[in-house]
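Listed below are the residues making up each chain.
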Amino acid sequence: RRRGWASWLGGGGARGVLTYMADPVAAALSRLNQTVEELGALAETYASSEAWPQAIASLISPLAAPATAAAAASALSYLSEPAGVAENSHNIIREAGGIPPLVALLAGGAESVAAEDAAGALFNV
């Protein structure tokens, strides 16, 4: 049985606090995660299109914002996995300047979701 803040927020713990206090941020992150999933589903179809480099490069600037860093790093990690279209994605991430912000996210340490996903993207690239 949960007690205290976690109980009050329906068992959500720290994430519950963030959702409770920053509903618009939670909604935006949810949309970003949905976009990541859609981008992954379309990757094989559109990786050879002219728009693909822009799609990958658009994930670089969100790495600098704490509210979007984890989702952007997750997307880059997913899209740089060694399957089919990844080789092109590797080059795009490097050419778009993605390496320095991914390395900077590692400073979040082992408990950081953004750092974990950044490490995955760096490993893949």
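Residues numbered from 1 in each chain as written. Predicted model: local features only at pLDDT ≥ 70, side-chain atom pairs only at ≥ 80, totals over all residues. Heavy atoms only, no water.

1. A look at the overall build of the protein chain
To keep things clear, this is the line we draw: By the criteria applied, helices consist of DSSP H or I runs no shorter than four residues and strands consist of E runs no shorter than two, each listed in order from the N terminus. Think of it in three bands: residues with accessible area under 20% of the maximum for their type are buried, residues over 50% are exposed, and the middle band is partly exposed, with areas taken using a 1.4 Å probe on protein chains only. Every accessible area reported is derived by Shrake-Rupley at a probe size of 1.4 Å, with residue values counting cover from the shown protein chains alone.
The helix and strand inventory of the protein chain stands at eight helices and zero strands. Along the protein chain, from the amino end to the carboxyl end, the secondary structure elements read α-α-α-α-α-α-α-α. Burial analysis of the protein chain (125 residues in total) assigns 30% to the buried set. For the protein chain, the accessible area works out to roughly 7800 Å², and carbon and sulfur atoms hold 57% of it.

2. Some thoughts on the environment of Ala118
Rules: Here, two residues are considered to be in contact whenever any of their heavy atoms come within 4.5 Å of each other.
Within the element layout of this structure, Ala118 appears in helix H8 (residues 113–124). Exposure remark for Ala118: the relative accessible area of 0% places this residue in the buried category. Taking C-alpha positions, Ala118 is 5.1 Å from Leu102, a pair spaced 16 residues apart along the chain. With residues near it in sequence (within four places) discarded, Ala118 still touches Ala73, Leu102, Leu105 and Leu106.

3. Here's the deal with H8
The criterion, for reference: Here, expected helix span is obtained from the residue count minus one, scaled by 1.5 Å. A 3.5 Å cut-off defines polar contacts: any pair of N or O atoms within that distance qualifies, except that in protein one atom must be a possible hydrogen donor and the other a possible acceptor, and neighbouring residues in sequence count only when both atoms are side-chain atoms.
Taking 1.5 Å of rise per residue, twelve residues should cover 16 Å, and H8 covers 17 Å from first to last C-alpha, within 8% of that figure. Those residues of H8 that fall on the buried side of the exposure criterion are Ala114, Ala115, Asp117, Ala118, Ala121 and Asn124. Two to three positions downstream of the cap, the backbone nitrogen of Ala114 sits 3.3 Å from a side-chain oxygen, assigning the N-cap of H8 to Ser112.

4. Thoughts on the nonpolar core
For clarity, the cut-off: Grouping buried Ala, Val, Leu, Ile, Met, Phe, Trp, Tyr and Cys residues that are joined through side-chain atoms within 4.5 Å yields what is termed a nonpolar core.
Judged by nonpolar contacts, the single largest core of 19 residues is most densely connected at Trp52, Ile56, Leu63, Ala73, Leu76, Leu102 and Leu105. Sorting the residues of this core by element identifies helix H4 (52–57), helix H5 (69–79), helix H6 (86–95), helix H7 (99–105) and H8 as the ones contributing at least two each. Considering every element that reaches this core, the biggest residue donor is H5, with six residues. Not counting residues up to four positions away in its chain, the partners in contact with Ala73 are Leu63, Leu102, Leu105, Ala114, Asp117, Ala118 and Ala121.

5. Describing the environment of Ser77
Along the chain, Ser77 falls in helix H5. Classification of Ser77 as buried rests on a relative accessible area of 12%.

6. Some remarks on the packing of H5 against H8
Each pair of packed helices can be summarised by the angle the axes make with each other and by the distance between the axes. Put simply, the rule reads: Helix axes are fitted only over the stretch in contact, all axes being lines through C-alpha atoms; the angle between N-to-C directions runs from 0 to 180 degrees. Throughout this description, any angle smaller than 35 degrees is read as roughly parallel, any larger than 145 degrees as roughly antiparallel, any in the 65 to 115 degree range as roughly perpendicular, and the remainder as oblique. The crossing is said to be left-handed when, going from far helix to near helix, the turn is anticlockwise and less than a right angle, and right-handed when the turn is clockwise. Polar here means any residue outside two lists: the nonpolar Ala, Val, Leu, Ile, Met, Phe, Trp, Tyr, Cys and Pro, and the charged Asp, Glu, Lys and Arg; Gly therefore counts as polar.
Where H5 contacts H8, the two axes come as close as 8 Å, and the packing angle between them is 25°. The angle between H5 and H8 places the two elements in the roughly parallel class. Judged by the twist between their axes, the crossing of H5 over H8 is left-handed. For the pair H5 and H8, the contacting residues are Ala69, Ala70, Ala73, Ser74, Leu76 and Ser77 in the first and Val113, Ala114, Asp117, Ala118, Gly120, Ala121 and Asn124 in the second. When the residues that make up the contact of H5 with H8 are grouped by side-chain class, the tally is eight nonpolar, four polar and one charged.

7. Considerations on the confidence of the model for the protein chain
Heads up, the rule is: pLDDT: the predictor's confidence for each residue, scored from 0 to 100.
Put simply, the protein chain has an average pLDDT of 76, and 72% of its residues get 70 or more. Averaged pLDDT values over the elements of the protein chain bottom out at 38 in helix H1 (residues 4–8) and peak at 97 in H7. Of the regions scoring below 50 in pLDDT, residues 17–21 engages in five contacts with residues more than four places distant in sequence or in other chains.

8. Quick look at the side chain of Asp117
Relative to the assigned elements, Asp117 resides in helix H8. Asp117 sits in the buried class, given a relative accessible area of 17%.

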